Amino acid sequence: MNQDILNKIRNFSKERDWDQFHSGENLAKALIIEAAELLELYQWKQETEKVQELKEELADVFLYAIMIADCYGFEIDKIIMEKLKKNEEKYPVKKAYGNSKKYNEY
Ligand SMILES: [Mg+2]
């Protein structure tokens with residue numbers, strides 16, 4: 001994770017005295033609310049033409065995901081790499097190639 005971005009996120013909250021509201025539960029709720037705002041851009045259609053709004057909602061989702069990781073002291077790069085490794089094991093290319101089934105349905 002880029003340290004400058006992480007510091008900027010931390011400072012934004014600190015300057016406003018908002019850390020008091022940022023429990024794991026509150027941040028998880030905020031993440032899902034922002035994900036729903038992103039999904040709303042696709043309501044009743046397969047694609048969205050609202051590219052700027054898509055960028056902003058996606059950024060909101062990233063921000064809350066980063067804040068949750070920071071709240072628990074997780075190293076973002078490390079947990080992503082660990083999860084990718086697990087996914088590679090669950091979804092070996094030989095079985096998963098061109099296949100949308102869940103790993104337990106192979
Ligand atoms: Mg939003």
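Treat the numbers as computed from the prediction; the structure is a model and nothing was measured.

Draft legend 1. Representation of the overall build of the protein within the structure. For the protein, the helix and strand inventory stands at five helices and zero strands. Compactness check: the protein gives a C-alpha radius of gyration of 17 Å against a globular reference of 13 Å for 106 residues, more than 25% above the reference. The C-alpha extent of the protein, read off along each of the three principal axes, is 50 × 35 × 25 Å. With 106 residues in all, the protein has 18% of them scored as buried.

Draft legend 2. View of helix α1 (residues 3–15). For α1, spanning 13 residues, the distance from its first C-alpha to its last is 18 Å, which sits close to the expected 18 Å at 1.5 Å a residue. Along α1, the residues that are buried comprise Leu6, Ile9 and Ser13. Relative to the axis of α1, the buried residues are bounded by an arc of 65 degrees and lie together on one face. Within α1, the exposed residues directed more than 90 degrees away from the buried face are Asp4, Lys8, Lys14 and Glu15. Considering only its buried residues, α1 is in contact with α3 (51–71). Its side-chain oxygen at 2.8 Å from the backbone nitrogen of Asp4, Asn2 defines the N-terminal cap of α1.

Draft legend 3. Fine view of the coordination of the magnesium ion. With distances of 2.0 to 2.3 Å, the protein atoms coordinating the magnesium ion are Glu34 (OE), Glu37 (OE), Glu57 (OE) and Asp60 (OD). Among the residues examined, Glu57 registers a relative accessible area of 16% and is labelled buried. Note on Asp60: relative accessible area 24%, which makes it partly exposed.

Draft legend 4. Spotlight on the packing of aromatic side chains. Across all of its chains, the model carries four aromatic pairs by this definition. A ring pair is formed by Tyr91 and Tyr103, whose centres lie 5.8 Å apart and whose planes are at 85 degrees; its orientation type is edge-to-face. Taken together, the residues Tyr91 in the loop between α4 (76–90) and α5 (93–96) and Tyr103 in the segment after α5 connect sequence positions twelve residues apart. Centre to centre, the rings of Tyr91 and Tyr106 are 6.2 Å apart; their planes meet at 90 degrees, and the pair counts as edge-to-face. With Tyr91 in the loop between α4 and α5 and Tyr106 in the segment after α5, this pair connects stretches of sequence that are 15 residues apart. Members of the aromatic cluster, joined through ring pairs, are Tyr91, Tyr103 and Tyr106. Between the NZ or CZ atom of Arg16 and the centre of the ring of Phe12, over which it lies, the distance is 3.7 Å. One residue, Arg16, lies across the ring of Trp18, its end atom 6.0 Å from the ring centre.

Draft legend 5. Inspection of the environment of Ser23 at higher detail. Mapped onto the fold, Ser23 is located in the loop between α1 and α2 (24–40). For the pair Ser23 and Glu88, spaced 65 residues apart in sequence, the C-alpha separation works out to 32 Å.

Draft legend 6. Structural view of the side chain of Thr48. Here Thr48 lies in the loop between α2 and α3. For Thr48, a relative accessible area of 8% corresponds to the buried category. Separated by 3.3 Å, the side chain of Thr48 and the backbone oxygen of Leu41 make a polar contact. Only 3.1 Å separates the side chain of Thr48 from the backbone nitrogen of Lys50, close enough to count as a polar contact. If we skip the residues at most four places from it in the chain, Thr48 touches Leu41, Tyr42 and Leu54.

Cut-offs and rules
Residues numbered from 1 in each chain as written. Predicted model: local features only at pLDDT ≥ 70, side-chain atom pairs only at ≥ 80, totals over all residues. Heavy atoms only, no water. Helix = DSSP H or I, 4+ residues; strand = E, 2+ residues; numbered from the N terminus. Rg over C-alpha atoms; globule rule 2.2 N^0.38 Å. Buried < 20%, exposed > 50% of the residue type's maximum accessible area, 1.4 Å probe, protein only. Expected span 1.5 Å × (residues − 1). Arc of directions from axis to C-beta. Contact = heavy atoms within 4.5 Å. Polar contact = N/O pair within 3.5 Å; in protein donor to acceptor, adjacent residues only side chain to side chain. Donors = N, O, S within 2.8 Å, 3.2 Å for Na, K, Ca; no water. Phe/Tyr/Trp six-rings, centres within 6.5 Å; stacked < 30°, edge-to-face > 60°. Lys NZ or Arg CZ within 6 Å of the ring centre and 35° of its normal.

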